[in-house]
Number of protein chains: 2
Amino acid sequence: MISKAKVKYIKSLQVKKYRLQEQCFVAEGAKSVSELLQSDFEVIWLAASPEFTDRNHKWLNKTRAEVVIAAETELSSLGNFQTNDAAVAIARMKPDKRPQLIPEEWALLLDDIRDPGNLGAIIRAADWYGVKNIIASAETVDLYNPKVVSATMGSFCRVNVHYTNLTRFIEEASHPVYGAFLEGEDIHRVSFSKGGLIVIGNEANGISAPVEKLIQHRITIPRYGKAESLNAAMATGIILDVVRQSKK
Amino acid sequence: MISKAKVKYIKSLQVKKYRLQEQCFVAEGAKSVSELLQSDFEVIWLAASPEFTDRNHKWLNKTRAEVVIAAETELSSLGNFQTNDAAVAIARMKPDKRPQLIPEEWALLLDDIRDPGNLGAIIRAADWYGVKNIIASAETVDLYNPKVVSATMGSFCRVNVHYTNLTRFIEEASHPVYGAFLEGEDIHRVSFSKGGLIVIGNEANGISAPVEKLIQHRITIPRYGKAESLNAAMATGIILDVVRQSKK
């Protein structure tokens, strides 16, 4: 049984202001919570179904978190997503860490991605393609937004997201800078270097003018039909797939 | 000013049961409504901001729909999405049409895609890559779900989605059948034919056993990192990009 005070606290962490104040966030669902337990995040509190605790006893034995057994109905009413009925956890946010990129590394730069589902899918794709660092503009949706965490399917544990001023970051980096545009060189014809920064723009407005000025290679995904654009997260995945192929 | 009865009617069309009963659906936002006006869908009623009507007067002159001018605040409170404050329309659903695929055509088969955002992004990607037909299992989320329509960014006007039994459809088709799996031949090494069916499985469970039996080519997106899987819509986009390249 989960106390009313805890339910209220968990709901409050859906709001960025309270997350910042408490320095805590919520992860929901079997996949996210299981990955969280296996990561270096500090898990503070956890409610889980008997089935989840059974499957994850190895990790639960190691955690210092307070663990509460709860019914699936109780768990699903607690979270944002009805299908996340296996587990809910409260964990401590990590301090924002500026990455030290090595020369042969690829990193994503997100210029104001607003949709939580998109940021989550981008983090998941970064994790799939072995991209360890994402640099996000201050206006990009918060990594610890519960919808973002959920959409990463656990990948938020393995990808570092650093929020900063993108123009300054680019100016201080020595990596080549690629930017996704509707007009540019066909990604399948670009001769990609061995590492670099890939800028993905806002869902509605694309890459902002100050960032655009710093882009050295305008790249584009070739179109065969009539859609005006692709979803920003999908475009990111397609570009990463091509970049990884071009290495060979 | 939009009448209370109309507001209630629009809200009711968020529910599949009422959409089927009324044979009507709702499109929200400048992009979707503008595309709708330019399509062969029958638009019945439309509320739009003065700015939207100004920009789309060419199409508004041709429509038989009842057109109401409304304030942006009124429009955003009406829809599902706060950012869709330019226009809302009610249109008539089209009868489900079984496609007659030509031999050199690619079509997507969706085996139980449940997330509206995913179906919307898949329809948008199909439109980008010139795929005209999607065949969806009966359990796949409804094309006319407002979140699906919104996520297509207008592409629902150009891509035909046919709901049917997938195993029967595959058995009756003469196209080669490719299926996306976590284990299969690397998509970058597959020798794709000039046309075919690409099966995309459910977000959590992948391709169902009866459909799996009919798949001739198991294909996979190569992984470089640690994520367990990719988002289903993103995987669809990556596969379509590779298929279109391999044609050359």
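Residues numbered from 1 in each chain as written. Chains lettered and ligands numbered in written order. Predicted model: local features only at pLDDT ≥ 70, side-chain atom pairs only at ≥ 80, totals over all residues. Heavy atoms only, no water.

(A) Quick look at helix H7 (residues 116-128) of chain A. Residues and elements named next belong to chain A. Over its 13 residues, H7 runs 18 Å from end to end, which matches the ideal 18 Å to within 8%, given 1.5 Å per residue. Counting buried positions along H7 yields twelve of 13 residues, so the element is predominantly enclosed. Every buried residue of H7 is accounted for by Pro116, Asn118, Leu119, Gly120, Ala121, Ile122, Ile123, Arg124, Ala125, Ala126, Asp127 and Trp128. With a side-chain oxygen positioned 3.0 Å from the backbone nitrogen of Gly117, the residue opening H7 is Asp115. Positive phi shows up at Gly130, right after H7, with a value of about 70 degrees. (Helix = DSSP H or I, 4+ residues; strand = E, 2+ residues; numbered from the N terminus. Expected span 1.5 Å × (residues − 1). Buried < 20%, exposed > 50% of the residue type's maximum accessible area, 1.4 Å probe, protein only. Polar contact = N/O pair within 3.5 Å; in protein donor to acceptor, adjacent residues only side chain to side chain.)

(B) Structural detail: the pairing of strand S9 (residues 196-201) of chain A. Residues and elements named next belong to chain A. Of all six residues in S9, six are buried, a share of seventy percent or more. Burial along S9 is two-sided: Gly196, Ile198 and Ile200 and Leu197, Val199 and Gly201, pointing in opposite directions, are all buried. Across six bridges, strand S5 (residues 106-111) lies against S9 in parallel orientation. For Leu109, the partnering residue across the bridge sits in S9 and is Val199. Judged from the three bridges that link them, strand S8 (residues 177-186) and S9 form a sheet pairing that is parallel. Paired with Gly179 across the bridge in S9 is Val199. (Pairing = 2+ DSSP bridges.)

(C) A look at the sheet that holds S9(A). All names here are of chain A. With respect to topology, six strands assemble into an open sheet ordered S7-S6-S5-S9-S8-S10, the strand pairing being parallel. A single partner strand is all that each edge strand has here, and the edge strands are strand S7 (160-163) and strand S10 (217-220). Within this sheet the neighbouring strands show an average axis-to-axis angle of 35 degrees, counted without direction. (Axes fitted to C-alpha atoms, helices over the stretch in contact; angles between N-to-C directions.)

(D) Just the interface of chain A and chain B, in detail. Contacts between chain A and chain B engage 34 residues on the former and 34 residues on the latter. Regarding the contact of chain A and chain B, the summed buried area is about 3,100 Å², with carbon and sulfur atoms giving 60% of it. Broken down residue by residue, the surface that chain A buries against chain B is led by Trp128(A), Tyr224(A) and Met234(A), which jointly contribute 27%. On inspection of chain A and its partner chain B, the count reaches two salt bridges. In this structure, Glu228(B) engages Lys31(A) in a salt bridge whose closest nitrogen and oxygen atoms are separated by 2.9 Å. (Contact = heavy atoms within 4.5 Å. Buried area = accessible area lost by both parts, 1.4 Å probe. Salt bridge = Lys/Arg side-chain N within 4 Å of Asp/Glu carboxyl O.)

(E) Structural view of the pattern of salt bridges. By the definition in use, this model includes 24 salt bridges over all chains. Arg98(B) is the partner of Glu172(B) in a salt bridge, and the nearest nitrogen-oxygen pair spans 2.9 Å. Pair noted here: Glu172(B) is in helix H9 (residues 166-172) and Arg98(B) is in the loop between strand S4 (87-92) and strand S5 (106-111), with a separation of 74 residues, a long-range link. Take Arg98(B): its relative accessible area is 37%, and that puts it in the partly exposed class. Via salt bridges that share partners, Lys31(A), Glu35(A), Asp127(A), Arg158(A) and Glu228(B) belong to a single interconnected network.

(F) View of the relation of the copies chain A and chain B. Between chain A and chain B, which share one sequence, the superposing operator has a rotation angle of 180 degrees and an axial displacement of 0.0 Å; the RMSD is 0.0 Å. Taken together, the rotation and translation relating the two chain copies correspond to the operation of a two-fold axis. Most of the interface of chain A is mirrored in chain B, where 100% of its interface residues again form contacts. (Least-squares fit on C-alpha atoms with pLDDT ≥ 70 in both.)

(G) Here's a closer look at the pairing of S8(A). Here five bridges tie S8(A) to S10(A), and the two strands are oriented parallel to one another. If you follow Asp186(A) over to S10(A), its bridge partner there is Thr220(A).

(H) Summary view of the packing of aromatic side chains. This structure, assessed with the given rule, holds 16 aromatic pairs over all chains. Between Trp106(B) and Phe192(B) the ring centres are 5.9 Å apart and the planes differ by 80 degrees, which places this aromatic pair in the edge-to-face class. Residue Trp106(B) is located in strand S5, and its partner Phe192(B) is located in the loop between strand S8 (177-186) and strand S9 (196-201); the two are separated by 86 residues in the primary sequence. Comparing Trp106(B) with Phe192(B) shows no difference in burial state: the two are buried. Taken together, a centroid distance of 5.1 Å and an interplanar angle of 45 degrees make the contact between Tyr178(B) and Phe192(B) tilted. Taken together, the positions of Tyr178(B) in strand S8 and Phe192(B) in the loop between S8 and S9 put the pair 14 residues apart, joining distant regions of the chain. In this structure, Tyr178(B) and Phe192(B) share a single accessibility class: buried. Site record: aromatic cluster; members linked through ring pairs are Phe25(A), Phe41(A), Tyr144(A) and Phe156(A). The positively charged end of Arg218(A) is found above the aromatic ring belonging to Phe181(A), 3.8 Å away from the centroid. Taking NZ or CZ as reference, Arg244(B) lies 5.7 Å from the ring centre of Tyr224(A), over its face. (Phe/Tyr/Trp six-rings, centres within 6.5 Å; stacked < 30°, edge-to-face > 60°. Lys NZ or Arg CZ within 6 Å of the ring centre and 35° of its normal.)

The quantities given are spatial measurements derived from coordinates; they are silent on function.
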